[in-house]
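Below are the chains, spelled out letter by letter.
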Amino acid sequence: MENLLNINLSETRSTVINWPNELRQIVDGYRSYRSVSHGVQKDAVQNSWDARIDKLSAKNWRLEFEIIESKGVTLFLFVDQGTTGLTGRVLSAEELEVDLPIEERWGRFENVAFTKEPSEKALGARGRGKFIFLGASKYRGRTNDDKVIQNLILYDTLRKDGTYRFGFRTITTTESPIHAFEANDARERLKAFTKGLVRPLENVGTRVIIVDPIDELISDVRSGRFSNFIEETWWQIIKSQNCSIQVKIGNKIQQAGLLPYYDFPTKDTKRFKIWKKDNVKLPGAPTYKVKNLLIAYDADREVSEEIQGIALQRGGMKVCSLPTRYVEKSIANSIYGYIDFDEALEEKLREDEGPEHYSFDFKKVIPRLVKQFVEEESDKFFREKPGISIGMKPQTLEKSRSAEVK
């Protein structure tokens, strides 16, 4: 039964948000896991991958990042092809009172926290990506109506029906203004905002432009770390579907490739020991399946810190890693691998995934069961493979784990 209150919302006031502080908290959330640069590539690829036309083989899908510097202007942009572009209309506030259907991609991009249906098989759902892009801008300026703004991203899209649209997002002390322009007006606005450095899109797709990017982002791109972040996060789609993700700096192009360690050994050798499980029902929740679990040990050397542990994959994206416990540090640092899941388990895990896509809530039942499965299979691996010794688990941790299961 509905509770009726004697309230007239037309007489109320809206809550004021301090947008600089809100943006800072979002950025800090990403920094608590990795870095702003890592978050930029992760959300950029995720958004584009979700919008690919060919869901099975990703035919013709590609993504390019680029630094453009000229005339005192620095831009960092990324543009995709083989995607739908940002379909849909520029929506009114009244139209935003319900979750948006899949075709309203422009509305979803401009607004926040509209959910996606499981049938979409999307990686993103929280709408935070646009804000890590905004947080990667250090732009400061003043508008022609004398408003002070900070942080600025531009975005444009060309759609299959020939529609071209350009928009921007910025923040003031209490607002995060957005605006959109169509057709020739959109082309002129793009030219004005980018000082003529960027031309309107000629291929169907979407582009995001970070104006005056932070030094950290530029440094990571120039050093090659940004490409390494892509290779670490998206190795599975690079390997399985030979996807093209490039980083362009002037005339130099860095092609994201498959890191050597992700060309996993297929059998035990003198150097490598492996443990593999395929199509296993998840213990404790047998309606869900683990597609693949692979644990590898390199007896010759430690692997890089970013690769250590067992990567939890969802939809081809590395979300996070489970560290190896109860073994000597030198052995733990030489263990790597991954686990991925059937569609039903992926969707269930997505419910308990952190908003930045770097964590799962392992206090929840299904993520906890996945973690326990990895730990138990790791224990078997250590015990059954020669040359790897496992230490004793602390009794207090064993008791705590038993209590969690009950």
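To keep things clear, this report deals only with the structure shown in the data block. (Residues numbered from 1 in each chain as written. Predicted model: local features only at pLDDT ≥ 70, side-chain atom pairs only at ≥ 80, totals over all residues. Heavy atoms only, no water.)

### What to know about the overall build of the protein chain
When helices and strands are counted, the protein chain shows twelve helices and 14 strands. Counting all 406 residues of the protein chain, 51% fall into the buried class. Taking contacts inside the protein chain between residues at least 6 apart in sequence as the whole, the part at least 24 apart equals 63%. Accessible area of the protein chain: about 20800 Å², with a carbon and sulfur share of 49%. (Helix = DSSP H or I, 4+ residues; strand = E, 2+ residues; numbered from the N terminus. Buried < 20%, exposed > 50% of the residue type's maximum accessible area, 1.4 Å probe, protein only. Contact = heavy atoms within 4.5 Å. Areas by Shrake-Rupley, 256 points an atom, 1.4 Å probe, with all protein chains shown as cover.)

### A closer look at the packing of helix H10 (residues 343-350) against helix H11 (residues 365-384)
Interhelical geometry of H10 versus H11 gives an angle of 120° and a closest axis separation of 8 Å. Here H10 is positioned oblique relative to H11, judged by the angle of their axes. Crossing handedness for the pair H10 and H11: left-handed. Within the contact between the two elements, H10 uses Leu 345, Lys 348 and Leu 349 and H11 uses Ile 366, Pro 367 and Val 370. Grouping the amino acids of the contact of H10 with H11 by side-chain chemistry returns five nonpolar, no polar and one charged. (Axes fitted to C-alpha atoms, helices over the stretch in contact; angles between N-to-C directions. Parallel < 35°, antiparallel > 145°, perpendicular 65-115°, else oblique. Left-handed = near helix turned anticlockwise from the far one by under 90°. Nonpolar A, V, L, I, M, F, W, Y, C, P; charged D, E, K, R; others polar.)

### Let's talk about the packing of helix H2 (residues 36-50) against helix H7 (residues 225-233)
Between H2 and H7, the shortest axis-to-axis distance is 9 Å and the interhelical angle comes to 55°. What the angle tells us is that H2 and H7 run oblique. Crossing geometry of H2 relative to H7 is assigned as right-handed. Across from Ser 37, His 38, Val 40, Gln 41 and Lys 42 in H2, the residues of H7 making contact are Phe 226, Phe 229, Ile 230, Glu 232 and Thr 233. Taken together, the residues that form the contact of H2 with H7 break down as four nonpolar, four polar and two charged.

### Considering the pattern of salt bridges
Across all of its chains, the model carries 24 salt bridges by this definition. Where Glu 232 meets Arg 34, a salt bridge forms, and the shortest distance between an N and an O atom there is 2.9 Å. You can see Glu 232 sitting in helix H7 and its partner Arg 34 sitting in the loop between helix H1 (19-31) and H2, a full 198 residues away along the chain. Measuring nitrogen to oxygen at the nearest pair gives 2.9 Å for the salt bridge that ties Lys 318 to Glu 232. With Lys 318 in strand E13 (residues 317-322) and Glu 232 in helix H7, the pair connects residues that are 86 residues apart, well separated along the chain. Accessibility assignment for this pair places Lys 318 and Glu 232 in one class, buried. (Salt bridge = Lys/Arg side-chain N within 4 Å of Asp/Glu carboxyl O.)

### A look at the packing of aromatic side chains
For the structure shown, the criterion picks out 25 aromatic pairs. Between Tyr 262 and Phe 264 the ring centres are 5.8 Å apart and the planes differ by 70°, which places this aromatic pair in the edge-to-face class. Neither residue differs from the other here; Tyr 262 and Phe 264 are each classed as buried. Through a chain of ring-to-ring contacts, three or more aromatic side chains come together here, namely Trp 235, Tyr 261, Tyr 262, Phe 264, Tyr 336 and Tyr 338. When the ring centre of Tyr 358 is taken as origin, the NZ or CZ atom of Lys 42, which lies over that ring, is 3.8 Å away. A cation over an aromatic ring shows up here: Lys 130 above the ring of Phe 109, its NZ or CZ 5.9 Å from the ring centre. (Phe/Tyr/Trp six-rings, centres within 6.5 Å; stacked < 30°, edge-to-face > 60°. Lys NZ or Arg CZ within 6 Å of the ring centre and 35° of its normal.)

### Points about H11
Over its 20 residues, H11 runs 28 Å from end to end, which matches the ideal 28 Å to within 8%, given 1.5 Å per residue. Burial of H11 is extensive: 14 of the 20 residues sit out of reach of the surface. (Expected span 1.5 Å × (residues − 1).)

### Concerning the environment of Arg 159
Inspection of the secondary structure puts Arg 159 in the loop between strand E4 (148-158) and strand E5 (164-171). With a relative accessible area of 13%, Arg 159 lands in the buried category. The sequence separation of Arg 159 and Val 204 amounts to 45 residues, and the corresponding C-alpha distance is 5.2 Å. Those residues in contact with Arg 159 that lie beyond four places of it in its chain are Thr 84, Leu 86, Thr 87, Gly 88, Arg 165 and Val 204.

### Things to note about the pairing of E13
Counting buried positions along E13 yields five of six residues, so the element is predominantly enclosed. Looking at chain direction, strand E12 (residues 309-314) and E13 are connected through five bridges and run antiparallel. In the sheet register, Arg 314 faces E13, and the bridge partner there is Met 317. A loop of two residues connects E12 with E13, the two strands running antiparallel in sequence, and Gly 315 in this loop sits at a positive phi of about 60°. (Pairing = 2+ DSSP bridges.)

### Let's talk about the sheet that holds strand E10 (residues 272-282)
In a beta sheet, neighbouring strands pair by backbone hydrogen bonds and run either parallel or antiparallel. An order of E10-E11-E14-E12-E13 is seen for the five strands of this open sheet, with the pairing classed as mixed. With partners counted over all chains shown, the strands left at the sheet margins are E10 and E13, one partner each. Each adjacent strand pair in this sheet contributes to an overall mean axis angle of 20°, direction not counted. Pairing of strand E11 (residues 285-298) with strand E14 (residues 335-341) involves seven bridges; the strand directions are antiparallel. Across the sheet, the residue bridging to Ala 296 is Tyr 336, located in E14. Against the sheet, H10 makes contact with E10, E11, E12 and E14, and its axis sits at roughly 90° relative to E11, the strand it touches most.

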